[in-house]
Amino acid sequence: MNTYFRIAIPTPLRRHFDYLVPINFHAKSSLPGVRIKVPFGRQTLIGILLEVVHETDVPAQKLKPIIEVLDEQPVFDRELLQLLRWCSLYYHHPIGEVMQNALPVKLRQGAATHIKGIRRWQLTSEGKQVDTQDLKRAAKQIALINDLKQSPSGLLDSQLTEQHIGWRPVMKRLQEKGWVKSFEENALPVAKPISSAPTLNADQQHAIDHIVNQFDTGFHAYVLEGVTGSGKTEVYLQVIERVIQQGKQALVLVPEIGLTPQLLDRFLQRLSGRIAIMHSGLNDEERLQAWLHTKAGSADVIIGTRSAVFSPLLRPGIIIVDEEHDLSFKQQDGFRYSARDLAVKRARDLNIPIILGSATPSLETLLNASQGRYETLLLPERAGNAKPPAIHLLDVRSQKMEHGLSAQLLHKMKEHLERDAQVLLFLNRRGFAPVLMCHECGWHALCPRCDAHMTLHQSNSSLRCHHCGTEQYQPKTCPKCKSDDLLQMGFGTERIEHALTELFPQYQVIRIDRDSTRRKGSMEKLLKEINNGKRQILIGTQMLAKGHHFPNVTLVGMLNADHGLYSSDFRASERMGQLILQVAGRAGREEKEGEVLIQTHHADHPLFKPLLEHDYPGFAKALIEERQQTELPPFTHLALLRAEAVEQQQPIIFLEQARLILESAKQDVMLMGPFPALMERRAGRYRAQLLIQANSRKQLQSLFSLSITQIENHKTAKKVRWSIDIDPLDLL
Ligand SMILES: [Zn+2]
Ligand SMILES: [Zn+2]
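Rules of the game
Residues numbered from 1 in each chain as written. Chains lettered and ligands numbered in written order. Predicted model: local features only at pLDDT ≥ 70, side-chain atom pairs only at ≥ 80, totals over all residues. Domains from an automatic or database assignment. Helix = DSSP H or I, 4+ residues; strand = E, 2+ residues; numbered from the N terminus. Buried ≥ 20, exposed ≤ 12 C-beta atoms within 10 Å, placed from the backbone. Contact = placed C-beta atoms within 7 Å. Pairing = 2+ DSSP bridges. Axes fitted to C-alpha atoms, helices over the stretch in contact; angles between N-to-C directions. Parallel < 35°, antiparallel > 145°, perpendicular 65-115°, else oblique. Nonpolar A, V, L, I, M, F, W, Y, C, P; charged D, E, K, R; others polar.

As a further point, take the domain arrangement of the protein. Split by domain assignment, the protein resolves into domain 1 (4–108), domain 2 (118–185), domain 3 (202–379), domain 4 (390–430 + 492–622) and domain 5 (637–726). Spacing between the C-alpha centres of domain 2 and domain 4 amounts to 37 Å.

Once that is clear, we can look at the environment of V223. Within the secondary structure, V223 sits in strand β9 (residues 220–226). Taking the number of C-beta atoms within 10 Å as the measure of exposure, V223 has 23 and is therefore buried. In this structure the C-alpha to C-alpha distance between V223 and E375, which are 152 residues apart in sequence, comes to 5.9 Å. With sequence-adjacent residues up to four places away left out, V223 is seen in contact with L356, P361, T365, A369, Y374, T376 and L377.

Quick look at the sheet that holds strand β21 (residues 455–457) now. Pairing between the strands of a sheet is mediated by backbone hydrogen bonds and can be parallel or antiparallel. Taken in spatial order, the three strands of this open sheet run β21-β22-β23, and their pairing is antiparallel. At either margin of the open sheet sits one strand with a lone partner, and together these are β21 and β23 (471–473). Sheet twist, expressed as the mean angle between neighbouring strand axes with direction ignored, is 30°. Relative to strand β22 (residues 462–464), β21 runs antiparallel, the two being bridged by three bridges. Within β22, the position partnered with T455 by the bridge is R464.

Close contact between helix α5 (residues 139–149) and helix α7 (residues 167–176) brings their axes to 10 Å; oriented N to C, the two are set at 80°. Here α5 is positioned roughly perpendicular relative to α7, judged by the angle of their axes. Between α5 and α7, the contacting residues are K140, Q141 and L144 on the first element and W167, V170, M171, R173 and L174 on the second. Grouping the constituent residues of the contact of α5 with α7 by class yields five nonpolar, one polar and two charged.

Laid out in structure tokens, this is it:
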């Protein structure tokens, strides 16, 4: 009997590959899920063994033997292997790339799966005695010592890199003085709770008891719907503590931007287990070690961003998805999975509970709850004595505006600032001015590679495209007519920052956006300055809306909320509502009463009404009804076939062929397009898309199962870059 290895290989082809097993090789001892090195064309690649088979369609002369089996124990256990195969079918993404995506980089490259010590830095007992006053001039040494003092279990290289630019020579000097030492330990540090649980309110207690009492019933999906500041994290912490006591693991997924040091500190200070952290700030070795600890069961709690949903769990106890509505849970390129949806699928497969937490759950989740698939636990009160901020609209129609700021807003800012409070202004547009235009001839600064305006950035006198990154010098005169009358139109965060510095000279302004936080560790520094009270006026983008805790902010101003009301993206209003309530959540936490002011040209829009009353359920209900009437998700299911090419016609030609193939599958679906993308040209490539709508996921599945190979093999497919997006969140 012949034996072959069926292997998932990281290539863009939607299939697996069969290989010969060398004679004298104990094929039986190789379990599905091990890594195997194979020849592939002229390359050597590392694939994952899917199964050992005894028949193959590949002609004998084409079969090649494998090179080497890399693992004794599978890197993916049965459950994970099954999940990944399911992902490949559901998202119609090549199995080899799906598997690759789920592995730490080092394992993709062939590293061994041995748990190794990771270097940590700690103060020596002599170092702990050092009086930093004596080090007056060595600011970098002081900063390092102070940080090490606050981290008794030691700091990782990556943490130091994040916080202290050029820390290595400084550390060396401290080491020579005998004040610091490095050590390597195989085990994760065990957190020792240093702070105790705050008093819970009745709703928090009810939620915890309810979840804990049903631990034994297996899969159960809870929606923890709690207004901002209602203490969701406290519920997570106490539930996790019980999971640890039962000897099981908790997997906690947080949004990209939500994994703040503040959140981590809270987990570290309160939980009694071993915590592994997985996010993009780690270096490859640290990531690998966190993954291995999770797999070996020597981590009790795993906190990570999107891709941590593929963590190998030895003793799974619970999965928690914090801010489940957040867009960052959906991968937006390559293998376009939803970590939130996969977390639910995984909890069901593992037969464990899952908590989806949010102040503003997605409509998908709310519909699941109203149809009885998920159970809702409400936290309607803010924890402690905090009162919800009052939200008001500022009707700016025909009002005189100063730098995009209305007189009413400026007046309120003055009031709050004079009370020694902080003010946060929110504008979802970075840069100085979004449009540069010639007053003489009407010329606009357009990106040479995209159908988009270049944004003026005054800090370094440049024009930048926010879609492809193209950067040019700011022209002094119009390139077309040589006039020097160039108008800077519209407002970005940089421009508001300038204006505020002039309008409020007695206060310090701080700007937080992608430009001001580009350097590693700069976000941390800025946040520290805010919470030290050194800056009174904060201006920022979306980055400021989530997760951060600013106890002294009492006024939040949203400079423009209107883009969500009349957008071509049907999800825009859902996001606008979520954003307003998230931003509102930054005002008046703790004891101080807060206030939120929203500048709008559409003050009588009916969607605003429930938001002003903090009535997210009412807001969501209106949207859900609208989606039902318009037959949009979550009532129907979408897939998007995207294509792009340098030549303008190619994407449309390919998608027309794809449409014919899809039509011939004779499934009950609706096909829309192909049409050019809203921004047709981006980074020098023309883009088009074909939208597919179905009444059930099953219909979508069978449609693509019947046609994907034909689409992939069509000759027009070779002239474009194309992809499938199942359950797309972004239709642009
Ligand atoms: Zn001109
Ligand atoms: Zn561009």
